[in-house]
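One letter stands for each residue in the lines below.
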Amino acid sequence: MNTATDFRALLISKTDAGQTAALVRQAMDSLPEGDVTVQVQYSTLNYKDALAITGRSPVVRRFPMVPGIDFVGTVAESQHPKFNAGDTVVLNGWGVGEGHWGGLSQVARVRGDWLVKLPAGLTPRQSMALGTAGYTAMLCVMTLQRLGVTPDKGDIAVSGAAGGVGSVATMLLSRLGYRVVAITGRSAEARYLHGLGAAEVMDRAALSGPGKPLAKERWAGAVDSVGSHLLANLCASTRYRGVVAACGLAGGMDLPATVAPFILRGVTLAGVDSVMCPREEREQAWQRLAAEMDVQRLEAISEEIGLARVLDVAPDLLGGRVRGRLIVDVNR
């Protein structure tokens, strides 16, 4: 039973004068509806969270809103048949932090159908070193494997490689025996990326501008979190019957491509959505992360901050000045 009367949270509000975000104390009776109440241990700061906090994109669908698209914590109260008080649970997506109060808070109340029990082999902190970015990266890896991309087929390109999704994807793919070419706009991160297992580091500039409908075949597969011209150029240079798993839009929502790679080379462009992904796939992704993640390398891509620092760090994340994953200890 949760006996606290209030809790700290990051709250986004909107008035006629505009949007603001502040660290506040909230009464327990302000929590939204849900059948499971969780004492949050850690959340994360993701690209989408930074967009919501800064107001640079209309991510938030109703106000006031507690951002944070994922969290890990201990069940305090439950009316859901799958969860009991004391269970350690993880949440990713489901519109949390957008339309339902999220994880950048000491307490969260959500629907139990949105939760997954933390798998054995991962600590709560490690689960948020992975967070939505790591879970999304695993969904991309599962997509490549399901569509027949095996290590013997050739190189795998990972765009936005120094970011959260890219860092974990690089680690996972290299650990599974793939030869990874890490694509980044931050040349200073080459050593970091080689340390994650990248066999080669490529400057993003080579793929960031308008390209040809078809380019020289290079990749057996790709994981893209950037979109726009970079995604179009990845598709144009993917080998016959290769697969591109697209999961992000850090570089733009547009896709200035042609049908040529798809109808002349049989390339598959596979969209990967982590927000509404069915429970069975979520559980599989988290079980695989627990079994296949190199936790020592995971520490290399993670930085921990307190809840009070989130407002200051969010603009740095949007500006590409953050490497890897940001874990948020919501209790400091």
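Reading guide: rules and limits
Residues numbered from 1 in each chain as written. Predicted model: local features only at pLDDT ≥ 70, side-chain atom pairs only at ≥ 80, totals over all residues. Heavy atoms only, no water. Helix = DSSP H or I, 4+ residues; strand = E, 2+ residues; numbered from the N terminus. Contact = heavy atoms within 4.5 Å. Polar contact = N/O pair within 3.5 Å; in protein donor to acceptor, adjacent residues only side chain to side chain. Core = buried A, V, L, I, M, F, W, Y, C linked by side-chain atoms within 4.5 Å. Buried < 20%, exposed > 50% of the residue type's maximum accessible area, 1.4 Å probe, protein only. 1 Å grid on protein atoms, 1.4 Å probe; cavity = no way out; pocket = protein on both sides within 12 Å on 5 of 7 lines; lining within 4 Å. Points joined across faces, edges and corners; volume = space filled by probe spheres on them. Nonpolar A, V, L, I, M, F, W, Y, C, P; charged D, E, K, R; others polar. Axes fitted to C-alpha atoms, helices over the stretch in contact; angles between N-to-C directions. Parallel < 35°, antiparallel > 145°, perpendicular 65-115°, else oblique. Left-handed = near helix turned anticlockwise from the far one by under 90°. Pairing = 2+ DSSP bridges.

**Q** Describe the environment of Q106, and please don't skip the residues or the numbers.
**A** Residue placement: Q106 occurs in the loop between strand 5 (88–92) and strand 6 (107–110). Separated by 223 residues in the primary sequence, Q106 and D329 have C-alpha atoms spaced 9.1 Å apart. What Q106 contacts, discounting residues up to four positions off in sequence, is F7, R8, R25, V38, Q39, V40, V330 and N331. Among the polar contacts made by the side chain of Q106, one reaches the main-chain amide nitrogen of R8 at a distance of 2.7 Å.

**Q** Lay out the nonpolar core in plain terms, naming residues and giving numbers.
**A** In terms of nonpolar packing, the biggest core is built from 50 residues, with L130, L144, V168, L172, L173, L289 and M293 touching the most fellow members. Residue assignment for this core shows that the elements contributing at least two residues are helix 2 (124–146), strand 8 (156–158), helix 3 (164–175), strand 9 (180–184), helix 4 (190–196), strand 11 (219–224), strand 12 (238–246) and helix 7 (279–292). Among the elements that take part in this core, helix 2 stands out by supplying 12 residues, more than any other. With near-sequence residues (within four places) excluded, L289 lies in contact with L130, G134, Y135, M138 and L172. Counting 44 residues, the second largest nonpolar core, distinct from the first, contains I12, L45, L91 and A314.

**Q** Can you explain the layout of surface pockets? Please cite residues and give values.
**A** Counted as a void, the second largest pocket has a volume near 170 Å³. Looking at the second largest pocket, the residues that line it are L139, M142, T143, R146, G271, V272, D273, E281 and Q284. Only helix 2 and helix 7 provide two or more residues apiece to the lining of the second largest pocket. With four residues, the top contributor of residues to the lining of the second largest pocket is helix 2. Tallied by class, the residues present in the lining of the second largest pocket amount to three nonpolar, three polar and three charged.

**Q** Describe the packing of helix 2 against helix 3, listing the residues and the values that go with them.
**A** Where helix 2 meets helix 3, the closest approach of the two axes is 8 Å, and the angle between their N-to-C directions is 50 degrees. With respect to helix 3, the element helix 2 is oriented oblique. The crossing of helix 2 and helix 3 is right-handed. Contacts from L130, A133, G134, T136, A137, M138, V141 and L144 of helix 2 reach helix 3 at G164, V165, V168, A169, L172 and L173. Per-class residue counts for the contact of helix 2 with helix 3 are 11 nonpolar, three polar and no charged.

**Q** Which residues make up the environment of M65, and what values do they have?
**A** Mapped onto the secondary structure, M65 falls in the loop between helix 1 (47–54) and strand 4 (70–78). Between the C-alpha atom of M65 and that of T88, which follows or precedes it by 23 residues, the distance is 24 Å. For M65, the residues in contact, after removing those within four places along its chain, are L10, L11, I12, V60, G97, E98, G99, H100 and W101.

**Q** Run through the sheet that holds strand 11, naming residues and quoting values.
**A** The strands making up a sheet associate through backbone hydrogen bonding, with each pair oriented either parallel or antiparallel. With parallel pairing, the six strands of this open sheet are ordered in space as 10-9-8-11-12-13. Looking along the sheet, the strands with just one partner apiece sit at the ends: strand 10 (200–203) and strand 13 (268–271). For this sheet, the mean inter-axis angle between neighbouring strands, taken without regard to orientation, is 20 degrees. In the sheet, strand 8 pairs with strand 9 via three bridges, with the strands oriented parallel. When the sheet's bridge partners are listed, V158 is paired in strand 9 with A182.

**Q** Run through the packing of helix 2 against helix 7, naming residues and quoting values.
**A** Relative to each other, helix 2 and helix 7 sit at 105 degrees, their axes nearing to 9 Å. The orientation of helix 2 with respect to helix 7, classified from their angle, is roughly perpendicular. Counted together, S127, L130, G131, G134, Y135, M138, L139, V141, M142 and Q145 of helix 2 and E281, R282, Q284, A285, W286, R288, L289 and E292 of helix 7 form the full contact between these two elements. Of the residues that constitute the contact of helix 2 with helix 7, the class distribution is nine nonpolar, five polar and four charged.

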